[in-house]
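# Residue-level structure breakdown
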Amino acid sequence: MKPYQKAVMADIDNILKTAWIRQLKADWKIANYHYFKDSMRLPNLELSYAEGVLGKWKGSYYRRLSISIFLINNYTWEYVQEVLYHEMAHQYVEEVLDIRDGQPHGEVFKQICHKNGIDPTATGDIQSWVEKRKNT
């Protein structure tokens, strides 16, 4: 590939990632309103290169929610949204309910998820998670 082609591909890649972040922000705002009664502040949204971690909430002063590029590239946006909502439930438990010392997928987290129709399960095995989602 010629240098100018690499530059064009990098530009396209950056435009795509910017669009994904923009859509994640829009989806986050809608979910915050519908599921969490506008009780949270928008965190830093990031894309990660992790294949085994679909999404991650890192609270405290980081306030970072990341979503896997692998997930975005290989699965429908519906799955991306489900992971986003799952991570938002973690954010809610920490920032709104002020529960920081509990199990990450403990009873309170599960209650919040079930109340809002969010999948509380967490797995690094994307394929089995997707298969489970198809059957529900």
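Residues numbered from 1 in each chain as written. Predicted model: local features only at pLDDT ≥ 70, side-chain atom pairs only at ≥ 80, totals over all residues. Heavy atoms only, no water.

### Observations regarding helix 4 (residues 107–116)
All of the buried residues in helix 4 are Phe109, Ile112, Cys113 and Asn116. Down the axis of helix 4, the sector holding all buried residues measures 95°, keeping them to one side. Exposed positions of helix 4 whose direction lies more than 90 degrees from the buried face are Glu107, His114 and Lys115. Positive phi appears at Gly117, one or two residues downstream of helix 4, with a value of about 70°. (Buried < 20%, exposed > 50% of the residue type's maximum accessible area, 1.4 Å probe, protein only. Helix = DSSP H or I, 4+ residues; strand = E, 2+ residues; numbered from the N terminus. Arc of directions from axis to C-beta.)

### Side note on the pairing of strand 2 (residues 55–58)
Only one face of strand 2 is buried: it carries Gly55 and Trp57, and the other face, with Lys56 and Lys58, is open. Pairing geometry for strand 2 and strand 3 (residues 64–68), over 4 bridges, is antiparallel. Looking at the pairing, Gly55 lines up with Ile67 of strand 3. Joining the antiparallel neighbours strand 2 and strand 3 is a turn of 5 residues, in which Ser60 adopts a positive phi near 60°. (Pairing = 2+ DSSP bridges.)

### Structural notes on the sheet that holds strand 1 (residues 44–48)
With respect to topology, 3 strands assemble into an open sheet ordered 1-3-2, the strand pairing being mixed. Of all the strands in the sheet, just strand 1 and strand 2 have a single pairing partner and so form its edges. When the angles between neighbouring strand axes are averaged without regard to direction, this sheet yields 20°. Packed onto the sheet, helix 3 (residues 77–95) meets strand 2 and strand 3 and runs at close to 20° relative to strand 2. (Axes fitted to C-alpha atoms, helices over the stretch in contact; angles between N-to-C directions. Contact = heavy atoms within 4.5 Å.)

### Focus: the environment of Val80
Mapped onto the secondary structure, Val80 falls in helix 3. Accessibility expressed as a relative area gives 1% for Val80, which makes it buried. Counting along the chain gives 25 residues from Val80 to Gly55, while the straight-line C-alpha distance between them is 8.8 Å. Look past the residues within four positions of Val80 in its chain and what remains in contact with it is Leu24, Ile67, Leu71 and Ile72.

### Examining the packing of aromatic side chains
Considering all chains together, one arrives at 6 aromatic pairs under this definition. Centre to centre, the rings of Phe70 and Tyr75 are 6.5 Å apart; their planes meet at 65°, and the pair counts as edge-to-face. One Lys or Arg, Lys58, reaches over the ring of Tyr62 and ends 4.4 Å from the middle of that ring. (Phe/Tyr/Trp six-rings, centres within 6.5 Å; stacked < 30°, edge-to-face > 60°. Lys NZ or Arg CZ within 6 Å of the ring centre and 35° of its normal.)

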